[in-house]
Amino acid sequence: MKSAWLLLGLLSCGDSGDRTAAAVASDPSSALRIRLDRVASGLQSPLYLTAPAGDARLFVVEKGGRIRIIENGQLLERPFLDVKDRISEGSERGLLSVAFHPRYATNGFFYVNYTDRAGDTRIERYHVSSDRGVADPGSAKLILSIDQPYSNHNGGLNLFGPDGMLYIGMGDGGGGGDRSGNGQNKDVRLGKILRIDVDRGDPYAIPPNNPYANGGGAKEAWSTGMRNPWRFSFDAPAGLLIVADVGEWAWEEINAVPASAAGLNYGWSVMEGTHCFRALTCSHAGMTEPVHEYSHSDGCSIAGGYVYRGRRMPDLVGTYFYSDYCQGWLKSLKFGNGRATSHQTWPVAKIGSVLSFGLDAAGEMYILTGDGGVYRIAPDPS
């Protein structure tokens, strides 16, 4: 099966060596320009970037098991957290994301998503130590464990929604072609986006408005039919949940749905994008189709980003950015009335394979690359 992560370490597309890479919108009538400012380098497979609310620091997840801090423009040598001894790292495994509790400033809680030594998914809660720059490694509390039959399609994103619930992206279990049928099996937690309440219960509670809270499927499941939702995001002002689901052989997709819409079926593995996967014809009844897709003539593995809501680039507010691991291009679109519009291609200089996006506490956007770089999307006054 196609698995872009198997290329990590084998492919390392170097950047141009410049501190910035200028770009201009593909629409020749647009005078809007952006650039990519490199804010850090030398990281080891940086997979995710985030920050607690109101915190000027950047927290970067390395696949090998560390969370690093960028503070005042400097990558700190001392890791915030190091769980290298807990994880398995081959293929698509590793430390995959971190989510800071919305009240991190008062409770000090954050939640990591990684594959353990057996290759299974673990969601663990940690607490910051008395030193704000270091977590307490002894504070680990297991929240959720899910068996993984193969080494790929682990999903891996922890993300708090605007409703305060913790959302967890789970791939279909790997292999190829969803051989276990997990995407359409409501009773399993693979091939889903999960939603749990970490502020109630021990270690969590099922939100009563989850679609299967009272039966009919896995109680934690919020949506079904996912292949590998490597990255998803919320756009709170628009009330949207945006899911970039990595495709199999032919199509990559972006879904944009009301954040409150429970029990949606995104189609895998009956469908890949808007196309039948296993047969020439298939029923799309009851399935949510993507608002945008692109074929593998244009890439191989989507890296979903965010809708920009920062202050540095007011002309781009409401614009969703995304990229592709193999091609490394930067594209954007807007959402309106259930459709994707205003498509743009930003001809940025080569910065390596794009692994992920990130947001800081001010809503500014970053790109993380396979050669260990972190770039901030910034306005280019020139």
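Note that the structure is a prediction, hence the values are computed from the model and not measured.

On to unusual backbone geometry. In this chain, D202 is followed by P203 through a cis amide linkage whose omega measures 10°. By secondary structure assignment, the location of P203 is in the loop between strand 14 (192-196) and strand 15 (221-223). The step from W268 to S269 runs through a cis peptide bond, and the omega angle for that step is 10°. For S269, the location among the structural elements is in the loop between strand 18 (251-258) and strand 19 (271-272). The phi dihedral of N72 falls on the positive side, at around 55°, and the residue is not glycine. By the element assignment, N72 lies in the loop between strand 5 (66-71) and strand 6 (74-75). Phi at H153 takes a positive value of approximately 55°, unusual for a residue other than glycine. Take H153: it is sitting in the loop between strand 11 (135-146) and strand 12 (158-160). Judged by relative accessible area, which is 2%, H153 ranks as buried.

For the rest of this paragraph, the subject is the environment of S323. Here S323 lies in strand 23 (residues 320-324). Taking the C-alpha atoms as reference points, S323 and L355, 32 residues apart in sequence, are found 8.7 Å from one another. Once you skip the residues sitting within four places of it in the chain, S323 turns out to touch Y294, S301, I302, A303, G328, W329, L330, V354 and F357.

Definitions and cut-offs
- Residues numbered from 1 in each chain as written.
- Predicted model: local features only at pLDDT ≥ 70, side-chain atom pairs only at ≥ 80, totals over all residues.
- Heavy atoms only, no water.
- Helix = DSSP H or I, 4+ residues; strand = E, 2+ residues; numbered from the N terminus.
- Buried < 20%, exposed > 50% of the residue type's maximum accessible area, 1.4 Å probe, protein only.
- Contact = heavy atoms within 4.5 Å.

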